[in-house]
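Here is how the chains run, residue by residue.
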Amino acid sequence: MDTKNSSGPSAAPERRRLLGAIGSLWAAVVWGCGGSDSATTATGTVSTGGTDTTSTGSTVSTSGSTGTGSTAGTCAVIPQETQGPYPLLAILSNAAMVRQDITEGKTGVPLTLRLKLVNVNGSCAPIANAAVYVWHCDKDGVYSGYSTNTNGNTLGQTFLRGIQVSDANGEVTFTTIYPGWYAGRITHVHFQIYLADNLQVTATATSQIAFPQADTTAVYNSTLYVTRGQNTSVTSFAADNVFSDGTTYQMAALTGDAANGYTATLTVGIAV
């Protein structure tokens, strides 16, 4: 289970409200500017607790909405979240993980995930040459690379994990599937950002992506997901231990449908 750190969610809502208030004073900028756990991995037992403190960086702009068919166009410092119990950071040194298609044969509703990195301290200019590591569970709520009582044994597997380096527009694209759910968490995707394509240092940003509930419900009603059904363990963002303090800067904008697949977009602000 992913958990908040000792700072807790109580202070975060106020910080996020302050960010929003600051953002309203600036001109709108859209897409173009737009706890601890351990598990056994192939490399042994690793501590995977991460920080989950909402960033206090300033908001440069807040434009666009975050829902089905809209564009996530917020240029604000992305909130820092826990990396959770299944980061499998050992694969960052594996050159084969630099790939766009991360499905490795996993079935599910197709999902194209597009992230745009922007410099909040630099007029929302695109951030090029940054490595973005993305990982999430499969349609049945299982992560690759671990052996635990709750996750099962997927040691040696790397499905639904991958790295891309941002282009001149600050953009990366991953081909994947819509994530499933597991007990204790609402639907989400993890990601980390390493500036200057330097995977040997601590990530500049560690955060998570949220998905509109209406789309998630439609996906879990679809043929490939219906056997497991809806997430009964966490039914709202307010009840989720990561997103309970809000999803303003982490909610992906989705286009498409459960029958044909989705494209999810999110602008990720970093203070460089």
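The sections below set out a description of the structure shown in this document. (Residues numbered from 1 in each chain as written. Predicted model: local features only at pLDDT ≥ 70, side-chain atom pairs only at ≥ 80, totals over all residues. Heavy atoms only, no water.)

## Examining the side chain of Q192
By secondary structure assignment, the location of Q192 is in strand β12 (residues 188-194). In terms of polar contacts, Q192 uses its side chain to reach the side chain of Q83, at 3.3 Å. (Helix = DSSP H or I, 4+ residues; strand = E, 2+ residues; numbered from the N terminus. Polar contact = N/O pair within 3.5 Å; in protein donor to acceptor, adjacent residues only side chain to side chain.)

## A short note on the packing of aromatic side chains
Scanning all chains against the criterion turns up eight aromatic pairs. Ring plane angle 25° and centroid distance 4.8 Å describe the contact between Y86 and Y143, whose orientation is recorded as stacked. Of this pair, Y86 sits in the loop between β4 (73-75) and β5 (110-119) while Y143 sits in the loop between β7 (131-135) and β8 (146-148), placing them 57 residues apart in sequence. Accessibility assignment for this pair places Y86 and Y143 in one class, buried. Judged by centre distance (5.2 Å) and plane angle (50°), the ring pair of Y178 and F211 falls under tilted. With Y178 in the loop between β11 (171-177) and β12 and F211 in the loop between β13 (205-210) and α2 (213-220), the pair connects residues that are 33 residues apart, well separated along the chain. The pair Y178 / F211 is uniform in exposure class, with both members buried. Through successive ring pairs, a cluster of aromatic residues spans Y86, Y143, Y146 and Y182. In this arrangement the basic side chain of K106 is found over the ring face of F159, its NZ or CZ atom lying 4.2 Å from the centre. Positioned above the aromatic ring of W181 is the side chain of R228, whose terminal nitrogen or guanidinium carbon lies 4.0 Å from the ring centre. (Phe/Tyr/Trp six-rings, centres within 6.5 Å; stacked < 30°, edge-to-face > 60°. Buried < 20%, exposed > 50% of the residue type's maximum accessible area, 1.4 Å probe, protein only. Lys NZ or Arg CZ within 6 Å of the ring centre and 35° of its normal.)

## Considering the pairing of β13
Extensive coverage of β13 is indicated by the burial of six of its six residues. The alternating pattern of β13 places A205, S207 and I209 on one face and T206, Q208 and A210 on the opposite face, and all of these are buried. Here six bridges tie β12 to β13, and the two strands are oriented antiparallel to one another. Looking across to β13, one finds that I193 is bridged to A205. (Pairing = 2+ DSSP bridges.)

## Describing the sheet that holds strand β10 (residues 161-165)
Overall, antiparallel pairing links the four strands, which are arranged β10-β7-β12-β13 in an open sheet. Edge positions in the sheet fall to β10 and β13, since each has one partner strand and no second. With direction set aside, neighbouring strand axes in the sheet form an average angle of 25°. Bridge count for β7 against β10 is five bridges, and the pairing is antiparallel. (Axes fitted to C-alpha atoms, helices over the stretch in contact; angles between N-to-C directions.)

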